[in-house]
Amino acid sequence: MVCNITAAQNKIDINANVDVETKTISIFQTITYKNETGDTLDEIYLHDWNNSYSSKSTPLAKRFEEEFSTKFHLASSEQRGFTLITSINDSTTDIELKFEYLEDHQDVIKVIPPKPIHPGEAYNIKLSYAIVLPDATFTDYGYTRNKDFELKHWYITPAVYNGKWNYYSNKNLDDLFVPKADVAITIKHPINYRPTSELNLISATPDVKSKTQTTVYYGKDRVDTYLSLLKFPLFGFVQTDDLIVISNINEKGLSGKDKAILTDKIGRFLAENLGEYPHQRLLISRIDYNKNPLYGLNQLPDFLRPFPDAFQYELKLLKTALKKYINNILLLNPRKEHWLSEGLQIYFMIKYVEEYYPDMKLLGTLADIWGIRAFHAADLDFNFQYFLYSMELARKNRDQPLSMSKDSLLKFNANIAGKYKAGVGLNYLDKFTDDINLSETVTEFLEAYKLKSVSISDFESYLNSKTNKNVDWFFTDYVGTRKKIDFKIKKVETTEDSIRVTIKNKRNNSMPISLFKVKDDSITGMQWVENIKGTKTISLPKDSTDKFVLDYYNVIPEFNQRDNYKSVNGSILNNKPLQFRLFKDIEDPYYNQVFFMPLVEFRNIYDGLTLGTKIYNKTILRKRLNYRFSPQYATRSRSLTGSTSIFYTHNIENKNLFDITYGISAGYQSFAEDAFFTRINPSLTFRFRNDDDFRADRIDNITARYLSINRDIGENAVIEIEDEEPDYGVFNLRYTRFNPGIINFSSFSTDFQVASNFSKLSFNYEFRRLTKSNRNINLRLFAGFFLKNNTDPTSDFFSFALDRPQDYLFDFNYLGRSEDAGIFSQQIIIAEGGFKSQLDELNAAFANQWMTTANFSTSIWRYIQAYGDIGLVKNRFNSAKFVYDSGIRLNLVEDFFELYFPVYSSLGWEIAEPNYEERIRFIITVDPQVLLGLFRRKWY
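Treat the numbers as computed from the prediction; the structure is a model and nothing was measured.

## Here we look at helix α1 (residues 59-66)
The complete set of buried residues in α1 reads Pro59, Leu60, Ala61, Arg63 and Phe64. Immediately beyond the C-terminal end of α1, within one or two residues, lies phenylalanine 68, with a positive phi of roughly 55°.

See below:
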């Protein structure tokens, strides 16, 4: 039955009963859904995000997998939650309605009303269901270890219809899109629990006999109804002039009085800049902050944190309050139009620090410490961090449009870079629209659209109605694309009465740039230059200006700021002086910077500890052209070693081929006692990805390189060169396809090598699977064969290796590559044959014709696995040999730290042999850059 109530408002009435022991909430609910569009609706869609935990194949489960988290995949059914719907009925007739969960959205319900819902009509639905809450370890919401309840998106809500149904699955993004509604919640819970909500508390009625309490909340025009039900709540209440702020965000060393003063200060700022809050209470939870924290130095431990406690707490509270405030009054689609609310959050954080802490530095109190204050980073304002983080993935060619759906963004873009780019962009727009006060305009916009359905187009129209400047570029190029901002002053020419400045736009966009006139390091003039297509020349009256600078105050998030300076007299050194700095720093575009860094490294046992310095140009943000020169002294070999390289990366946007890198590297170091090698390696690499889906893990690489190897054997060397010619060159063409998933991992590579006396081709495929019962299944296949082999038949230097590759290209980080005995000879790198047992006694350790192997391992218990290898080894003039081995693998950190204990192989029972410890093999990685990859893969 459709109720024709044109004045009706969306309403949700909930009667809930909490059972702590079964972590279940029984709910009886009515939903009044009003059709506020001009369309007739034949169906209604409801969000049931609690049911997103119901299986390991939901969009939420896939999201965890994409971000290299196994916590949900390995969770038991008792840890996951689900919803059990008893009935969905028509409220008026009590007729049971047809409903179903969508096939690809197990947390979205389609309900079929008995009659269409016409424009202006409202329809009442009655639901009876129970929710079993998930463990809070997954998303921080649900049932905690302390048997507390953190409830968000816990009850069933209608989706938004605005010409189409906007229903979305839960992907741990806290972006549920619901229409505003009047919400009434009656919740019966144990008397020793205390609920906290942003809704208005109507009553709290205890029943001593049943040891329960019935609490009633009500709120008008609500979209967020977070409810905390805790035995020992830590929420504090601060009554400001404008609203009641409820928060459990804490900061050690800060008194309650200080927190109250800071909370009142933030409350005034919010009211002045965002308008009056339409509700009585603003709830800011610790969970809200943890999901959207202050990144950077703020996250250091307390004893290292360079910011005052009051400032730290203030910004934590401000950032979280801004997000909640904006989201509760600006009813944007939080999945599709998230950039505006997120951008406003960062924009007002920038304004807050500019107003109250104009002298706060990026490094905080560290900026005043001797030694540190010499860094350019110490000169930068606190707000510079937003530019820095927004440019992080742009320099890596992994940035994404701000307008992209939030669930399609990389984690770093969704949580950090995108928000900061949006905030920095609004600040850029603020400076450009100098005919209006953008901050005041935004305040007026928020007031005009408070608690109304709104979209990005409404903001664009409102802004256009206020300013005479053309701001189309902001919404089309800056927000809607990945186009970078990159200008340069191409030339400056002087005539008798004028100065002609030519500005080049190195990108295809219509964004404006600010041009400053500088005299003796003081600004004498500024103007905006717009509509630069290719180049644009402007004429200025001739004066005493000695330099022109683009974007002097670094307001514009420009991709490359190093060519923003040009002297009137044209001197290169006057344009950008040369500067030498100790240690890597944040780039100072005013200088041509060269960095020095002392090096203390351990590469191998022959060189021992190496001492030296690195001379390089790499800064915090990635550059396209990078050079490095690292002379070092090896303390054990007592020789001068080191390496050098120069590489250029060409980024390609909007193509599957996204990266072309070419350059050359060279190095000199020991490979045995008193034996050295020089390696010169020019290379060219093409990298491919799915340009339509940056979250797809697959990367394809094609690398062509030439390796020139020169070996130098000293008088005291304990190794002999098996090959007659100690010097050789190899052309190597390699293709790899890499899918580095944590649940499903696969890689495929083919390697082709050509040298003067041999050519060879090999294939490698690896597959890993983590089952739902926490069992690892690993399979690796290798096949390699010589196309030509005219090498010395008595030497295996260029042969395929069964267990320990010769590594004549010097690609692998062997700690003791020439060792035949001792601990360092037991290091293994899984390549070529991939065997763990050393089968030298069978003369099957190498193949100079062809080799095929299969390596398999699977879990026994946790990180303890059983492994087995089989293979065929074929040498010239000999029959193929079948070989095998097996044993126990301790997979402590996959690919980084592993131990192998042989048990049985072609040699027999190895575990029963004497000196068994010499047969144990290990994988170890000490390169910090490789270890950092464990962190980066979750964010990039």
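## Overview of helix α6 (residues 384-395)
Over its twelve residues, α6 runs 16 Å from end to end, which matches the ideal 16 Å to within 8%, given 1.5 Å per residue. Taken across its twelve residues, α6 has eleven buried, putting it largely inside the fold. Taken together, the buried positions of α6 are Phe384, Gln385, Tyr386, Phe387, Leu388, Ser390, Met391, Glu392, Leu393, Ala394 and Arg395. In this fold, the buried residues of α6 make contact with α5 (338-356), α7 (411-432) and β32 (639-651). Two residues or fewer after α6 comes asparagine 397, characterised by a positive phi angle close to 60°.

## Some thoughts on the side chain of aspartate 175
Examined against the element boundaries, aspartate 175 turns out to sit in the loop between β12 (165-166) and β13 (181-190). In contact with aspartate 175, not counting residues within four places along its chain, are Trp49, Pro334, Arg335 and Lys406.

## Overview of the pattern of salt bridges
A full pass over the atoms with the stated rule returns 54 salt bridges. A salt bridge links glutamate 314 to lysine 265; the shortest N-O distance between them is 2.8 Å. In this pair, glutamate 314 is assigned in helix α4 (residues 309-329) and lysine 265 in helix α2 (residues 256-274), connecting sequence segments 49 residues apart. The pair formed by glutamate 314 and lysine 265 is uniform in burial state, with each residue classed as buried. A salt bridge links aspartate 700 to arginine 737; the nearest nitrogen and oxygen atoms lie 2.9 Å apart. Taken together, the positions of aspartate 700 in strand β35 (residues 699-713) and arginine 737 in strand β36 (residues 727-740) put the pair 37 residues apart, joining distant regions of the chain. On the accessibility criterion, aspartate 700 (6% relative accessible area) is buried. By relative accessible area, which is 33% here, arginine 737 ends up partly exposed. One salt-bridge network, held together by shared partners, links Asp399, Arg482, Lys484, Arg507 and Glu653.

## Regarding the pairing of strand β37 (residues 744-754)
Two strands pair when backbone bridges link them, and β36 and β37 are joined in this way by ten bridges, in the antiparallel orientation. For phenylalanine 731, the partnering residue across the bridge sits in β37 and is valine 754. Here β37 pairs with strand β38 (residues 758-770) via eleven bridges, running antiparallel. Its bridge partner being in β38, asparagine 744 is matched across the sheet by arginine 769. Taking the residues that link successive antiparallel strands as the turn, the β37-β38 hairpin has three residues.

## A few points about the sheet that holds strand β3 (residues 44-47)
Across the sheet, four strands lie side by side as β5-β6-β3-β10; this open sheet has antiparallel pairing. Each edge of the open sheet is held by one strand with a lone partner, namely β5 (98-101) and β10 (157-158). Note that β3 and β10 share two bridges and pair antiparallel. The residue of β10 that forms the bridge with leucine 46 is proline 158.

## Here's the deal with the side chain of lysine 450
With respect to the helices and strands, lysine 450 occurs in the loop between α8 (438-448) and α9 (456-466). A residue is classified by how much of its surface remains accessible, and lysine 450, at 15% relative accessible area, is buried. Within the structure, lysine 450 has its side chain in polar contact with the side chain of glutamate 447 (distance 3.3 Å). Each residue touching lysine 450, except ones within four places of it in the same chain, is listed here: Gly275, Glu276, Pro278 and Ile329.

## Some details on the packing of aromatic side chains
Evaluation of the coordinates by the stated rule reveals 67 aromatic pairs. Between phenylalanine 149 and tyrosine 193 the ring centres are 6.1 Å apart and the planes differ by 65°, which places this aromatic pair in the edge-to-face class. Taken as a pair, phenylalanine 149 in strand β9 (residues 149-151) and tyrosine 193 in the loop between β13 and β14 (194-197) lie far apart in primary sequence, 44 residues in all. Classification of phenylalanine 149 by relative accessible area gives buried; the value is 0%. On the numbers, 5.0 Å between centres and 80° between planes, the contact of phenylalanine 797 with phenylalanine 798 is edge-to-face. For phenylalanine 797, a relative accessible area of 12% puts it in the buried group. Here the guanidinium or amino end of lysine 316 rests over the ring plane of tyrosine 289, the centre of that ring lying 5.2 Å away. The residue whose ring lies beneath lysine 760 is phenylalanine 800, and the NZ or CZ to ring-centre distance is 4.1 Å.

Here is what the cut-offs are and how they apply
- Residues numbered from 1 in each chain as written.
- Predicted model: local features only at pLDDT ≥ 70, side-chain atom pairs only at ≥ 80, totals over all residues.
- Heavy atoms only, no water.
- Buried < 20%, exposed > 50% of the residue type's maximum accessible area, 1.4 Å probe, protein only.
- Helix = DSSP H or I, 4+ residues; strand = E, 2+ residues; numbered from the N terminus.
- Expected span 1.5 Å × (residues − 1).
- Contact = heavy atoms within 4.5 Å.
- Salt bridge = Lys/Arg side-chain N within 4 Å of Asp/Glu carboxyl O.
- Pairing = 2+ DSSP bridges.
- Polar contact = N/O pair within 3.5 Å; in protein donor to acceptor, adjacent residues only side chain to side chain.
- Phe/Tyr/Trp six-rings, centres within 6.5 Å; stacked < 30°, edge-to-face > 60°.
- Lys NZ or Arg CZ within 6 Å of the ring centre and 35° of its normal.

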